Amino acid sequence: MTNHVDERSFSLQSRIDLPRDTAVFITNGATVACSPSIARWMVLTHPAGRNTLDLLKQGRTLEEVLQAATAKFGQEDARAALEEVLAEVLDKGFEAGSPVQPDLTPSPYVTISLNVTNACNLRCITCYRFSGQRDDQEMGDENWFRILQQHSNMGGKVVKIAGGEPLCRGREFVCQAIGQAKTLGMKTLLLSNGTLIDEETAKELGRAGLDRMQISLDGPDPRSNDRIRGKGVFDKVITALERLCRCTAIDLYLAILPVPDLSLDALLTRGREFADQLRDQFGGRVTISVSQGMLEGREVHHDESLPFVLSCRQIQNTMAGPDTTAGHDLWQWEPGRRNLSCGYGRTLGVDPDGSVRACAGGEVVGNAQHEPLDAIIRKLETAALAYTVDQVEGCRECALRYICGGPCRVRPEACPDERKQDVLERLVATNRLRYDRPTDGR
Ligand SMILES: C[S@@+](CC[C@H](N)C(=O)[O-])C[C@H]1O[C@@H](n2cnc3c(N)ncnc32)[C@H](O)[C@@H]1O
Ligand code: SF4
Ligand code: SF4
């Protein structure tokens, strides 16, 4: 048997030098092998995969493995299972001594979220920012433009403009901020409730160069959505999407936050139908993104329990097609790259008065009005390094640690078996996606 991929070849006399710390798990019939020392994994779907892996771990040649497996599974299955293992070894670099990427910083700084106002024309019962009234201490335009420049100087790549409702601060300011970010070569994303987008606003956002717009909607029909976001909001959002589709080429996202007792059940039962309706109406221009946890809000309580997260994921999967959560994992699970933390420090959020948080709901770590952004980012990097999976008790010895990245830094929780199981299932799903579509656009 000779197999040439990436200029590697195997002969029947070859042995595969599997990492000594290879841990093997079985999940939904698939075998997942994971090695912390090289931060790599393999997924074997063939029923004889586990046995083949055990034989290889014993240091046998491929010929010896084939002979032993043939006696147990027959020639065809033995060969198919071995071919799958070899393909995975090559694709994931699953061999002792494979390189681990030298960039071990837990959170390369990428994104800034500018919460440019606390003013909002809605009073959603979920709102974790308790938005409504403009704050007295809101910073002037020139401060926001200075922060944008500093973000770019620090290597920032993405600018999110949010609030409150950013369009309540004024279309002109929002478009200027987008224009400046584009001039600095950054990607721009606007988060909006979608109720203030008339024809002219849609066109202006398009002209300013906005890359992506995320509009919130929490239920699949006016009945469930408007109890959360306000009367008439569902229809206004659909009209806004229609205008944005017609007048611009902006990437459109619908952000859905399932709310227990109000929209969760409706999304579980009618989400698919609603997604089909959106596809028919907007020809696939609108991507659905379902939130996977709830922060403490105006009239709701924090909930990131696994059952709630799994319901949200089920909604995401039925509304946007299978394995979309794995699609999210695809870009962060890179063989050989150690995921050292939950992502703490990768995104900065700036409040209307300049207060800076490392993530939504996290503590204030500085003020961008009074301190240079680079000083705040350095503080954060130090804080992030003190909280990596290698330091967290319970994660430190877990074979999945560099894939999982550990628990939330702001609200750490003990890891139940279900969470480990969830990581394994997502690895299997991610593998399916990895081979189903090109990965360069991730
Ligand atoms: C605070 S809003 C600001 C932008 C805009 N006003 C909007 O509603 O999209 C940003 C996002 O946070 C979400 N959100 C609000 N309350 C939340 C909560 N308690 N937990 C999680 N997400 C929440 C909203 O649904 C929205 O998608
Ligand atoms: S979630 Fe958005 S639209 Fe709703 S009250 Fe908060 S800021 Fe306003
Ligand atoms: S959170 Fe759980 S699965 Fe993740 S690294 Fe920690 S112990 Fe392992």
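**Student:** I'd like a description of the overall build of the protein, backed by residues and values.
**Tutor:** Scanning the protein from terminus to terminus reveals 15 helices and 12 strands. Relative to its length of 442 residues, the protein is compact, with a C-alpha radius of gyration of 24 Å against a globular reference of 22 Å. The 442 residues of the protein split such that 39% are buried. Of the contacts made within the protein by residues no fewer than 6 positions apart, 70% connect residues no fewer than 24 positions apart.

**Student:** Mind laying out the sheet that holds strand 1 (residues 23-27), listing which residues take part and the relevant values?
**Tutor:** In a beta sheet, neighbouring strands pair by backbone hydrogen bonds and run either parallel or antiparallel. Taken in spatial order, the 3 strands line up as 1-2-3 in an open sheet, and their pairing is antiparallel. This sheet does not close on itself; its edge strands, each paired only once, are strand 1 and strand 3 (40-44). Neighbour to neighbour, the strand axes of the sheet diverge by 20° on average, direction disregarded. With 5 bridges joining them, strand 2 (residues 30-35) and strand 3 adopt antiparallel strand pairing. Residue pairing for strand 3: Ala 33 is matched across the bridge by Met 42. Strands strand 1, strand 2 and strand 3 of the sheet are contacted by helix 1 (residues 49-57), whose axis makes an angle of about 35° with strand 2.

**Student:** Give me the lowdown on the environment of Thr 188, citing residues and values where you can.
**Tutor:** Here Thr 188 lies in strand 6 (residues 187-192). Filtering out sequence-adjacent residues up to four positions away, Thr 188 remains in contact with Val 159, Ile 178, Ala 181, Lys 182, Gly 209, Leu 210 and Asp 211.

**Student:** Let's hear about the site of ligand 1: which residues, and what values?
**Tutor:** Not every one of the 19 residues close to ligand 1 is listed here, only the nearest: Thr 126, Tyr 128, Ser 216, Leu 295 and Gly 297. Of the residues assigned to the shell around ligand 1, the class counts are 10 nonpolar, 7 polar and 2 charged.

**Student:** Before we move on, could you go through the pairing of strand 8 (residues 251-256) and cite the residues and values that matter?
**Tutor:** Side chains of strand 8 alternate between two faces, with Leu 252, Leu 254 and Ile 256 buried and Asp 251, Tyr 253 and Ala 255 left unburied. Sheet topology note: the strand 7 (residues 212-216)/strand 8 ladder contains 5 bridges and is parallel. The residue of strand 8 that forms the bridge with Ser 216 is Ala 255. Where strand 8 meets strand 9 (residues 286-290), 5 bridges bridge the pair, whose relative direction is parallel. The partner of Tyr 253 across the bridge, within strand 9, is Thr 287. Read from strand 8 through helix 10 (residues 264-282) to strand 9, the crossover connection turns out right-handed.

**Student:** I'd like to hear about helix 9 (residues 233-247), residue by residue, with values.
**Tutor:** With 15 residues, helix 9 extends 21 Å between its outermost C-alpha atoms, agreeing within 8% with the 21 Å of an ideal straight helix rising 1.5 Å per residue. Along helix 9, the residues that are buried comprise Val 233, Phe 234, Val 237, Ala 240, Leu 241 and Leu 244. The arc enclosing the buried residues of helix 9, seen along the axis, measures out at 120°, which places them on a common side.

**Student:** So what's going on with the packing of helix 2 (residues 62-73) against helix 3 (residues 75-92)? Residues and values would help.
**Tutor:** Between helix 2 and helix 3, whose axes approach to 7 Å, the crossing angle comes to 135°. When the axes of helix 2 and helix 3 are compared, the pair comes out oblique. Remark: the crossing between helix 2 and helix 3 carries right-handed chirality. Residues Leu 62, Val 65, Leu 66, Ala 69, Thr 70 and Phe 73 of helix 2 lie in contact with helix 3, whose contacting residues are Gln 75, Asp 77, Ala 78, Arg 79, Ala 81 and Leu 82. Of the residues contributing to the contact of helix 2 with helix 3, the split by class is 8 nonpolar, 2 polar and 2 charged.

**Student:** Run through the sheet that holds strand 7, naming residues and quoting values.
**Tutor:** If you trace the 9 strands from one edge of the open sheet to the other, you get 9-8-7-6-5-4-10-11-12, paired in mixed fashion. This sheet does not close on itself; its edge strands, each paired only once, are strand 9 and strand 12 (364-367). The average undirected angle you get between the axes of adjacent strands in this sheet is 25°. In the sheet, strand 11 (residues 355-357) pairs with strand 12 via 3 bridges, with the strands oriented antiparallel. If you follow Val 356 over to strand 12, its bridge partner there is Gly 366. Of the strands in this sheet, strand 7, strand 8 and strand 9 are in contact with helix 9, which crosses strand 7 at around 165°.

Here is what the cut-offs are and how they apply
- Residues numbered from 1 in each chain as written.
- Chains lettered and ligands numbered in written order.
- Predicted model: local features only at pLDDT ≥ 70, side-chain atom pairs only at ≥ 80, totals over all residues.
- Helix = DSSP H or I, 4+ residues; strand = E, 2+ residues; numbered from the N terminus.
- Rg over C-alpha atoms; globule rule 2.2 N^0.38 Å.
- Buried ≥ 20, exposed ≤ 12 C-beta atoms within 10 Å, placed from the backbone.
- Contact = placed C-beta atoms within 7 Å.
- Pairing = 2+ DSSP bridges.
- Axes fitted to C-alpha atoms, helices over the stretch in contact; angles between N-to-C directions.
- Near = placed C-beta within 6 Å.
- Nonpolar A, V, L, I, M, F, W, Y, C, P; charged D, E, K, R; others polar.
- Right-handed = clockwise from strand over helix to strand, strands pointing away.
- Expected span 1.5 Å × (residues − 1).
- Arc of directions from axis to C-beta.
- Parallel < 35°, antiparallel > 145°, perpendicular 65-115°, else oblique.
- Left-handed = near helix turned anticlockwise from the far one by under 90°.

Just distances and angles here, no functional claims.
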